[in-house]
Amino acid sequence: MMQVPTSWISAMPDPTKMMQDWDTATDTTNDLMGFPSLRGKETMYPQVDVLIRASAYSPGYPSVNNTYNPATNYGGSASSHLVRGPQNAPYWELHEQGHGFLFPKFPGEVESTVNLLHVPVFHQKFGNTLNQAFYKSSGGYTSVGTLNNTAVAWMACFNFVHGVAMEQVEKQYQLKGHAKFVDTARLFGWGKVNKYFASFNDDFEASVTIGTTVDSLLLRLAKNVGTDMRPLFHFWGVPPTNNTTLGASIAAANLPASAAIYDTLVQYESLVPADNAAYKTFMTSWWAGPPLLTGFQEEKEHAQQWDTYNAASATALQAKVRSILNLYFPSGRAVDVIPPAVLSVSPAVGAFGSSLTGNLVVTFTKPIVVGTGNVTIKNLTDATQTTRNP
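Residues numbered from 1 in each chain as written. Predicted model: local features only at pLDDT ≥ 70, side-chain atom pairs only at ≥ 80, totals over all residues. Heavy atoms only, no water.

### Quick word on the overall build of the protein
- When helices and strands are counted, the protein shows 18 helices and six strands.
- Over its C-alpha trace the protein gives a radius of gyration of 23 Å, about what one expects of a compact globule, namely 21 Å for 390 residues.
- Projected onto its principal axes, the C-alpha coordinates of the protein cover approximately 65 × 60 × 45 Å.
- Classification of the 390 residues of the protein by burial places 46% in the buried group.
- Across the protein, every contact between residues at least 6 apart in sequence was considered, and the portion connecting residues at least 24 apart equals 66%.
- Here the protein displays about 18700 Å² of accessible surface, and carbon together with sulfur accounts for 55% of that area.
- Charged side chains in the protein number 25 positive and 28 negative. The centres of these two groups are separated by 4 Å. (Helix = DSSP H or I, 4+ residues; strand = E, 2+ residues; numbered from the N terminus. Rg over C-alpha atoms; globule rule 2.2 N^0.38 Å. Buried < 20%, exposed > 50% of the residue type's maximum accessible area, 1.4 Å probe, protein only. Contact = heavy atoms within 4.5 Å. Areas by Shrake-Rupley, 256 points an atom, 1.4 Å probe, with all protein chains shown as cover. Lys, Arg positive; Asp, Glu negative; His and termini not counted. Charge placed at Lys NZ, Arg CZ, Asp CG, Glu CD.)

### Overview of the nonpolar core
- If you look at the biggest cluster of nonpolar residues, it comprises 79 residues, and the most contacted ones within it are Phe106, Met155, Trp190, Phe197, Met229, Phe233 and Phe235.
- If we ignore the near neighbours within four places in the chain, the residues touching Met155 are Phe160, Phe235, Tyr268, Val272, Leu317 and Val321.
- Ranked by size, the runner-up nonpolar core spans 11 residues in total, among them Met12, Met18, Leu82 and Ala89. (Core = buried A, V, L, I, M, F, W, Y, C linked by side-chain atoms within 4.5 Å.)

### Observations concerning helix H11 (residues 190–205)
- The terminal C-alpha atoms of H11, which comprises 16 residues, lie 23 Å apart, in line with the 22 Å expected from a rise of 1.5 Å per residue.
- Largest kink in H11: about 25°, centred on Ala198.
- By the burial criterion, the buried members of H11 are Trp190, Val193, Asn194, Tyr196, Phe197, Ala198, Ser199, Phe200, Asn201 and Asp203.
- In this fold, the buried residues of H11 make contact with helix H2 (16–33), helix H5 (118–125), helix H6 (130–135), helix H10 (175–188), helix H12 (214–225) and strand S3 (342–346). (Expected span 1.5 Å × (residues − 1). Bend = angle between axes of the 7 residues up to and from the residue.)

### With respect to helix H17 (residues 297–304)
- Looking only at H17, the buried set comprises Glu298, Glu299, Glu301, His302 and Ala303.
- In this structure, the buried residues of H17 make contact with helix H7 (147–155), helix H8 (158–161), H10 and helix H16 (276–286).

### Side note on a nonpolar patch on the surface
- Together, Val342, Val362, Phe364 and Ile368 line one region of the surface with nonpolar side chains, adding up to about 320 Å² of accessible area.
- Here Phe364 shows up in strand S4 (residues 361–364). (Patch = residues over 30% accessible without salt bridge, like charges linked within 9 Å, V, L, I, M, F, W, Y side chains within 5 Å. Salt bridge = Lys/Arg side-chain N within 4 Å of Asp/Glu carboxyl O.)

### As for the layout of surface pockets
- Taken as a whole, the second largest pocket encloses approximately 420 Å³ of empty space.
- If you trace the second largest pocket, you find 17 residues lining it, with Tyr141, Tyr173, Gln174, Trp287 and Phe296 closest to the centre.
- Those elements that provide at least two residues to the lining of the second largest pocket are H16 and H17.
- With three residues, the single largest contributor to the lining of the second largest pocket is H17.
- Class assignment for the residues of the lining of the second largest pocket results in eight nonpolar, seven polar and two charged. (1 Å grid on protein atoms, 1.4 Å probe; cavity = no way out; pocket = protein on both sides within 12 Å on 5 of 7 lines; lining within 4 Å. Points joined across faces, edges and corners; volume = space filled by probe spheres on them. Nonpolar A, V, L, I, M, F, W, Y, C, P; charged D, E, K, R; others polar.)

### Examining the pairing of strand S2 (residues 63–67)
- By the criterion of burial, S2 is predominantly enclosed, with four of the five residues buried.
- Pairing of strand S1 (residues 46–49) with S2, which is carried by three bridges, proceeds in the parallel orientation. Within S2, the residue paired with Pro46 across the bridge is Ser63. (Pairing = 2+ DSSP bridges.)

### A closer look at the packing of aromatic side chains
- Applying the stated criterion across every chain, the model contains 23 aromatic pairs.
- On the numbers, 5.4 Å between centres and 45° between planes, the contact of Phe35 with Phe101 is tilted. Of the two residues, Phe35 sits in the loop between H2 and S1 while Phe101 sits in helix H4 (residues 91–101), which places them 66 residues apart along the sequence.
- The class for Phe35 is partly exposed, based on a relative accessible area of 23%. (Phe/Tyr/Trp six-rings, centres within 6.5 Å; stacked < 30°, edge-to-face > 60°.)

### Side note on the environment of Lys223
- Relative to the elements of secondary structure, Lys223 occurs in helix H12.
- Overall, the relative accessible area of 49% leaves Lys223 in the partly exposed class.
- For the pair Lys223 and Ile250, spaced 27 residues apart in sequence, the C-alpha to C-alpha distance is 8.1 Å.
- Those residues in contact with Lys223 that lie beyond four places of it in its chain are Ala253 and Leu255.

### Here's the deal with the pattern of salt bridges
- Per the stated rule, a full pass over the model turns up 10 salt bridges.
- For Lys180, the salt bridge goes to Glu109, with nearest N and O atoms at 2.7 Å. In this pair, Lys180 is assigned in helix H10 and Glu109 in the loop between H4 and H5, connecting sequence segments 71 residues apart.
- The salt bridge partner of Arg220 is Asp203, with a shortest N-O separation of 2.9 Å.

### Side note on the side chain of His99
- Tracing the backbone shows His99 in helix H4.
- Polar side-chain contacts of His99 include one of 3.3 Å to the side chain of His95.
- In this view, His99 contacts Pro59, Val110, Glu111 and Val114; residues no more than four positions away in its chain are not counted. (Polar contact = N/O pair within 3.5 Å; in protein donor to acceptor, adjacent residues only side chain to side chain.)

Here it is in structure tokens:
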């Protein structure tokens, strides 16, 4: 539900498709957060006004983060994303919606995990690759902001090499703050991430006490994903508080180590810039120029290493990744026992106006081989169905 000025829409064509797209976007965020799709304006209720109600963008009922000038002639067809569809929305629209869900977060993530909502909406519903949806989920990033590059930028931060947890100032409004959840979706599917957040609502409805310590959240995540998530989150700056006790709980729950996580960390280890020249090349791309000493924490730390980063620096970063691998995989790569999951489908589930002659594409979290069985396509309008052997 939204309220916009008449002067924004009076000359526009039928808004049905645009509103269907907004319904699709809000359904996706409800799925992610474990709420029913039928949840209405409680999910999102933007309103346009002559000024922003709060001192900054904020959630609300309604939320007022979009302004207009009543004296301006918009010609009945405004350019605002509110009337052009969620696929044109800046990151902050869903960021503020994320605040409205009030879900438990790891320490220091009030302004970071809420960026996650943007990613499945753009990835699952509007044709973006996972990396495209990811870099659009926070302000100021370009296509350079992939998961791989975000990992390199994080490894070059002082807290990573010193084995210190990522600080709030390093997480907020930045890709690396919610990258761990996007990595989780990439490796195990969005369904596992949805299940994790839904578990909080299930426990709340059942009057079960919800633990919010780092270790209780890591255990909850591991149970819902079905594997030990400690090494991935440790890499992304969320190490366990008591690794021995948490490890015992994970073992008691029969949660196996993940070969996919092992492979991911090995890949990140291989991406470390090898020397000063490689470092400068990466940072120039990441910052669209040499990083500045006057920048915020990450940029400042990158700038401080501009002339000093060398092969020894690379060895130190790789050793830190290797120490995480050795901690959680003392016998080397784990046996891959986790089956592939669906990461995305095209056309998107619930999509409107899709081509009747286009391809149906299913993307999985890992390579698969064709086995036995059929794919059945059902027409819900006339109850007919077609069977295909892949």
